[in-house]
2 protein chains.
Amino acid sequence: MMFEALRKYINQYTSSEISEGAFDTVSKSFTPKHLLKRQFLLQAGDVCKYTAFIVKGAMRQYSLVNGVENIVYFGIENWWMSDRESFTMLTPSQFNIDALEDCDLLLITHDKVQLLKESVPQWNKMAAQMDHRHSIAMQKRIHDAISLTAEDRFLNLIKSNPEFMQRFPQNMIASYLGITPESLSRIRKKLAKK
Amino acid sequence: MMFEALRKYINQYTSSEISEGAFDTVSKSFTPKHLLKRQFLLQAGDVCKYTAFIVKGAMRQYSLVNGVENIVYFGIENWWMSDRESFTMLTPSQFNIDALEDCDLLLITHDKVQLLKESVPQWNKMAAQMDHRHSIAMQKRIHDAISLTAEDRFLNLIKSNPEFMQRFPQNMIASYLGITPESLSRIRKKLAKK
DNA sequence: CAAAACACTTAACAAATGTCAATTCTCCTT
DNA sequence: AAGGAGAATTGACATTTGTTAAGTGTTTTG
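Cut-offs used in this document
- Residues numbered from 1 in each chain as written.
- Chains lettered and ligands numbered in written order.
- Predicted model: local features only at pLDDT ≥ 70, side-chain atom pairs only at ≥ 80, totals over all residues.
- Heavy atoms only, no water.
- Helix = DSSP H or I, 4+ residues; strand = E, 2+ residues; numbered from the N terminus.
- Near = heavy atom within 4 Å.
- Polar contact = N/O pair within 3.5 Å; in protein donor to acceptor, adjacent residues only side chain to side chain.
- Buried < 20%, exposed > 50% of the residue type's maximum accessible area, 1.4 Å probe, protein only.
- Pairing = 2+ DSSP bridges.
- Contact = heavy atoms within 4.5 Å.
- Buried area = accessible area lost by both parts, 1.4 Å probe.
- Salt bridge = Lys/Arg side-chain N within 4 Å of Asp/Glu carboxyl O.

**Student:** Could you give an account of the environment of Leu6 of chain B, with specific residues and numbers?
**Tutor:** On the secondary structure map, Leu6 of chain B appears in helix H1 (residues 2–12). Along the backbone, Leu6 of chain B and Ile54 of chain B are 48 residues apart, and their C-alpha atoms lie at a distance of 9.1 Å.

Right, here's the structure in full:
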């Protein structure tokens, strides 16, 4: 059952198991959604109405500038996807979010997130931890981007998210690293020699 | 008075003015600290015990790898400085934070931050907004880093933080942009011609 | 199944950035 | 005010990365 993945996830972030009543409130706040590969959760110019919890599948968030895709995030099972800026400020997004595989998602609106924060302490705690982890991950990524070579960023990605290598095509990995597919191909060739 | 800067800051982020009683609780949680230029708030290897509110002065957060400084953040008046990961997880930091000018700071520990979140609703609201703005700023920076040339990142920085140009030496601006001082010098020369 | 679309690699060349060294300039300290 | 340290610039050269184009292999889809 789709909601069970969410229950597990919430319990991971809280010391005690969430009560049936509280989880009921939580699960009622979400809408299940199936997304086929290449379908969009968000298109640039629209407001990001939903944050998605990925029960199954994989997604990406990217901008499109002069016909070039720049992938900012990947998301897989048990990750959240949304453009936070657009989602909370209700401003038009500059990003697209689409499915890289068929996805089972649980969608929630900003209003419902706020309500849950006020009414379900365990949800509030989880949301805070989520935000915090997200901050840390982004700080690491900024540090990598300004201080490492493309080769080292690639090696770091293999270490931190090895599953990405199996799951996403190399041109997307390259985009995520901020380089061209040709550069990544050369880097891989060079690394293979060692 | 140092605390007045903090009061103004909090009021910016909340619809109503913070009460005297609540502000008293807040201000009691901070310790004033004067830091001379080049003094450290945090040294790599230590746990980041304090988050600093900068009343006056300027600071930077940076890593030191093979003798090369990589500046992750600058901070000026009314900004917060800390290594969030180390501060909340109480793990040793890989970053240094030091003063680029003589600074007037207000320091707070993690414990006190938690207490304020629970006891002062206005503080809690402000903290949430702070985290959120920080997230957005970091997302922009990641997007810039992976999708823009050094020249465009520099132009963006001039637009978004023109005060940095007057205030920080170019070798530090270069480090913040993830390039060498020589590269920045050449980029500036090229831009001057236009 | 066949055609088309896409992903990956390779090569040649261009452009951007890094490295090293020398020079000048500015600012700080004594 | 003089000397010295650090900051910025410049030039020559190396390295990395981007660009373009071609070729091969794989996947998708009608």
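**Student:** Can you break down the protein's contact with DNA strand C residue by residue, with the values?
**Tutor:** In the vicinity of DNA strand C lie 15 residues, with Gln170, Asn171 and Ser185 of chain A together with Ser183 and Arg186 of chain B positioned nearest. The protein-proximal atoms of DNA strand C, defined as those within 4 Å of the protein, are 68% sugar or phosphate. At 3.3 Å, a side-chain N or O of Glu182 of chain B approaches a base nitrogen of DNA strand C. Arg186 of chain B is positioned such that a nitrogen or oxygen atom in its side chain is 2.9 Å from a base nitrogen of DNA strand C. Listed by contribution, the elements that provide at least two residues to the surface near DNA strand C are helix H8 (170–177) and helix H9 (181–193) of chain A together with helix H9 (181–193) of chain B.

**Student:** Kindly report on the pairing of strand E8 (residues 103–109) of chain B, identifying the contributing residues and their values.
**Tutor:** All names here are of chain B. Extensive coverage of E8 is indicated by the burial of 5 of its 7 residues. The pairing of strand E1 (residues 31–35) with E8 spans 5 bridges and is classified as antiparallel. In the sheet register, Leu35 faces E8, and the bridge partner there is Cys103. Relative to E8, strand E3 (residues 50–56) runs antiparallel, the two sharing 6 bridges.

**Student:** How would you explain the interface of chain A and chain B if you had to name every residue and give the values?
**Tutor:** Across the boundary between the two partners, chain A contributes 30 residues, which contact 30 residues of chain B. For the pair chain A and chain B, the two sides together bury roughly 2500 Å², of which 62% comes from carbon and sulfur. In terms of surface lost to chain B, no three residues of chain A exceed Gln139, Ile142 and Ile146 of chain A, which account for 28% of the buried area on that side. For the pair chain A and chain B, the number of links is 2 salt bridges. Between Lys140 of chain A and Glu85 of chain B there is a salt bridge whose closest N-O contact spans 3.7 Å. Between the two partners, chain A and chain B, sit 7 residue pairs in polar contact (both at pLDDT 80 or more). Mapped by element, the contributors of at least two residues to the side of chain A that touches chain B are strand E4 (59–65), strand E5 (68–75), helix H3 (84–89), helix H5 (121–147) and H8 of chain A. The element that contributes the greatest number of residues to the side of chain A that touches chain B is H5 of chain A, accounting for 13 residues.

Scope: geometric values only; no functional claims are made or implied.
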